[in-house]
Amino acid sequence: MARDAQAALVALNRFGFGARGGASGDLINASSDPRGFVKAELARPNGVLLEVSGLQSTPQLGQAVFAYQDQVKQAREAAKAAAPAETPPAAPTERNAGLRRNPSLNAAATEIAGQMGEAKPADNAAKPDAMQPNAAAPPAAKPAPQPLNVIQKTFRAEALARLQRATLAECGFTERLVAFWSNHFCISASKGELTRIWAGAFEREAIRPHVLGRFADMLRAVEQHPAMLFFLDNQQSLGPDSRAGQNRKRGLNENLAREIMELHTLGVGGGYTQGDVTSLARIITGWTFAGRQGQLGSPGSFVFNVNAHQPGPQVLLGKSYEATGLAQGEAALADLARHPSTANFIATKFVRHFVADDPPPALVARLRDVFVKSDGDLKALAMALVDSDEAWRAPLTKMRSPYDFLVASGRLLARVPEDPSRYLNGLNLLGQPLWSPPGPNGFPDTNAAWAAPEGIKLRLDIAAQIGAQLGNNIDPIDLLEFAAADAASIETRRTIERAESRQQALALLLMSPEMQRR
């Protein structure tokens, strides 16, 4: 069978995370049957699940964080009682505070590349004068690092499991689908301790089991997950006429209802009104999670609190929903999942992510029809995308997100992460902190967001540091064969061949269109 290097590059870059280096043979394997190579992952639905020893369930993590918070409170009270007159420590200087807020490019890039034993500088290596105004003075003793708490340990363990899966995947299509849906139904770890400890579990429990399943099932799992309920404050929403609402003199919080309609299903202009938002907010009152006392259920688990639920029937998008408690909200979500506006919104966003910032209308229409006729079968949606000619003909012009770029670089360098710090710091530096988008609409998915000059400069700095540390032991020409082979452009090949050093050549390869575009 004839091999098609260009189609193999599309298979790996557009649908996956790029070719792996070493002896993977990804590009060769993809070149003989590019579409079959991508579809192979869709035939392994259990491969989407992330079952790693030590990763706990949401209720278990909820109990852990509640216990941790109690310990912190007790320690503070004990410290206050032991030293009531102690002078509080001085606030950090502006200069030092700024250093903490803005980690150096060198530090972040060093961690991304990983430390090579023979190249690791000594702790007392010479520093620039600006960082060492009194060169003759001995360096100040560094304070001992504080041990990680349970929230930090959990977040790092979840991040490492996700990064390792993305790095080791053959193509990475299902992992790209996980990232897409996780960003579509995003929460933010920066909301508070609960969302930070639950961020990875939310993705494992509410997203991954349904990536190749039905959209309606994913929608229900997401909206009933404690992480989403906390992120969008639904535990604070009380039916005005409910027992709790009457007792506490509080009412609705419409955050979750609004984002379900605007961001998760119908989309802006999807045919709903503010009245519909209010109706949905009433319908899902009582959707909450059990707190630390466990009065409603196991701490950290989803519960329906009938005392907080707005009684009576509700009208949403012209349809009346009877007062059936929890089932009232589940019926409303099921109808939203099947709404024509939802099909159009999801198809458009799906094509924009994988194909082009300006989605081809014919492809959007075809995927919309598949979504409707299959009752929201997401595997069928993914298959239809891979089967489309538009997805293979469109040029690779979309900019990789920071996450895609760092994962693709690690794959090409055949470096399976053993510590998530190098990636987490790099993502922070490049403006895409893991599981922490700036708003409920997730991270942007267009070139305008990731191809800005400042962002490109930061990528170049990271690529240069990786090249400086690893270039001596890697032949960039060989890496280019792993990454693109005959699909590499003449310009890229000449640029790498004419580099002044291997280090520079590696940096240029990482910044090439073959590595930056998908």
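Because the structure is predicted, anything quoted here is derived from the model rather than measured.

**So, the overall build of the protein chain**
Step number 1: The helix and strand tally for the protein chain stands at 27 helices and 4 strands.
Step number 2: Sorting the 518 residues of the protein chain into buried and exposed places 49% on the buried side.

**Observations regarding the confidence of the model for the protein chain**
Step number 1: Of the residues in the protein chain, 89% have a pLDDT of 70 or more, and the chain-wide mean is 90.
Step number 2: Per-residue pLDDT stays below 50 along residues 92–105; that stretch engages in 9 contacts with residues further than four places along the chain or on separate chains.
Step number 3: Scored below 50 in pLDDT, residues 115–136 shows 10 contacts in the model against residues more than four places distant or in partner chains.

**Digging into the packing of aromatic side chains**
Step number 1: Inspection of the entire model under this criterion finds 19 aromatic pairs.
Step number 2: With centroids separated by 6.5 Å and ring planes inclined at 50°, the aromatic side chains of Phe443 and Trp450 adopt a geometry described as tilted.
Step number 3: Given the relative accessible area of 10%, Phe443 is considered buried.
Step number 4: Given a relative accessible area of 9%, Trp450 falls into the buried group.
Step number 5: Ring-pair connections join several aromatic residues into one group, and the members of that group are Phe15, Phe173, Phe180, Trp181, Phe185, Phe215, Phe350, Phe354, Phe371 and Trp392.
Step number 6: Against the face of Phe230 rests Lys191, its NZ or CZ located 6.0 Å from the ring centre.
Step number 7: In this arrangement the basic side chain of Arg196 is found over the ring face of Phe155, its NZ or CZ atom lying 4.0 Å from the centre.

**A closer look at the environment of Phe230**
Step number 1: Along the chain, Phe230 falls in helix α11 (residues 226–231).
Step number 2: Along the chain, Phe230 and Lys191 lie 39 residues apart, while their C-alpha atoms are 8.7 Å from each other.
Step number 3: Not counting residues up to four positions away in its chain, the partners in contact with Phe230 are Lys191, Leu194, Thr195, Trp198, Gln235 and Phe289.

**Things to note about the nonpolar core**
Step number 1: One finds Phe15, Phe173, Trp181, Leu280 and Phe350 to be the most contacted residues of the largest nonpolar core, which totals 130 residues.
Step number 2: Counting residues per element, this core draws most heavily on helix α9 (residues 193–207), at 8 residues.
Step number 3: Those residues in contact with Phe173 that lie beyond four places of it in its chain are Phe15, Gly16, Val38, Glu41, Leu42, Phe354, Ala382 and Val386.

**Looking at helix α17 (residues 361–373)**
Step number 1: For α17, built from 13 residues, the straight-helix expectation of 18 Å at 1.5 Å per residue is met to within 8% by its first-to-last C-alpha distance of 18 Å.
Step number 2: Within the span of α17, buried status applies to Leu363, Val364, Leu367 and Phe371. Relative to the axis of α17, the buried residues are bounded by an arc of 100° and lie together on one face. In this structure, α17 carries Pro361, Val372 and Lys373 as exposed residues pointing more than 90 degrees from its buried face.
Step number 3: Buried residues along α17 sit in contact with α10 (215–223), α15 (326–337), α16 (340–354), α18 (378–387) and α19 (390–393).
Step number 4: Within two residues after α17, Asp375 carries a phi angle of roughly 60°, on the positive side.

**Focus: helix α3 (residues 34–42)**
Step number 1: Along α3, the residues classified as buried are Pro34, Phe37, Val38, Glu41 and Leu42. The buried residues of α3 occupy an angular sector of 160° when projected down its axis, which confines them to one face.
Step number 2: The elements touched by buried residues of α3 are α1 (5–14), α2 (26–32), α8 (173–184), α18 and α19.

**Here's the deal with the pattern of salt bridges**
Step number 1: The full count for this structure, using the stated rule, is 25 salt bridges.
Step number 2: Residue Asp217 is joined to Arg220 by a salt bridge in which the shortest nitrogen-to-oxygen separation is 3.6 Å. Note that Asp217 and Arg220 are positioned in helix α10 at a spacing of 3 residues, about one turn of the helix.
Step number 3: Several salt bridges share partner residues, and in doing so they unite Arg162, Arg165, Glu175, Glu203 and Arg208 into one network.

**Describing unusual backbone geometry**
Step number 1: Positioned with a positive phi, Asp233 is a non-glycine residue whose angle comes to about 65°.
Step number 2: Mapped onto the secondary structure, Asp233 falls in the loop between α11 and α12 (243–248).
Step number 3: Here Asp375, not a glycine, exhibits a phi torsion of approximately 60°, which is positive.
Step number 4: Examined against the element boundaries, Asp375 turns out to sit in the loop between α17 and α18.

**Observations regarding the side chain of Asp276**
Step number 1: With respect to the helices and strands, the residue Asp276 is situated in helix α14 (residues 274–283).
Step number 2: No salt bridge forms around the buried Asp276; measuring N to O, its nearest opposite-charge neighbour Arg282 is 9.1 Å away.
Step number 3: With residues near it in sequence (within four places) discarded, Asp276 still touches Met261, Gly271, Leu316 and Leu317.

**Considerations on the packing of α17 against α18**
Step number 1: One can describe the packing of α17 onto α18 by two numbers: an axis separation of 9 Å at closest approach and a directional angle of 155°. Here α17 is positioned roughly antiparallel relative to α18, judged by the angle of their axes. Pair α17 / α18 crosses with right-handed handedness. Within the contact between the two elements, α17 uses Leu363, Leu367, Val370 and Phe371 and α18 uses Leu378, Ala380, Leu381, Ala384 and Leu385.

**Examining the environment of Asn13**
Step number 1: By the element assignment, Asn13 lies in helix α1.
Step number 2: On a C-alpha basis, the gap between Asn13 and Ala483 in space is 9.4 Å, while along the polypeptide they are 470 residues apart.
Step number 3: Once you skip the residues sitting within four places of it in the chain, Asn13 turns out to touch Gly18, Arg176, Arg400, Glu514, Arg517 and Arg518.

Conventions adopted
- Residues numbered from 1 in each chain as written.
- Predicted model: local features only at pLDDT ≥ 70, side-chain atom pairs only at ≥ 80, totals over all residues.
- Heavy atoms only, no water.
- Helix = DSSP H or I, 4+ residues; strand = E, 2+ residues; numbered from the N terminus.
- Buried < 20%, exposed > 50% of the residue type's maximum accessible area, 1.4 Å probe, protein only.
- pLDDT = per-residue confidence, 0-100.
- Contact = heavy atoms within 4.5 Å.
- Phe/Tyr/Trp six-rings, centres within 6.5 Å; stacked < 30°, edge-to-face > 60°.
- Lys NZ or Arg CZ within 6 Å of the ring centre and 35° of its normal.
- Core = buried A, V, L, I, M, F, W, Y, C linked by side-chain atoms within 4.5 Å.
- Expected span 1.5 Å × (residues − 1).
- Arc of directions from axis to C-beta.
- Salt bridge = Lys/Arg side-chain N within 4 Å of Asp/Glu carboxyl O.
- Lys, Arg positive; Asp, Glu negative; His and termini not counted.
- Axes fitted to C-alpha atoms, helices over the stretch in contact; angles between N-to-C directions.
- Parallel < 35°, antiparallel > 145°, perpendicular 65-115°, else oblique.
- Left-handed = near helix turned anticlockwise from the far one by under 90°.

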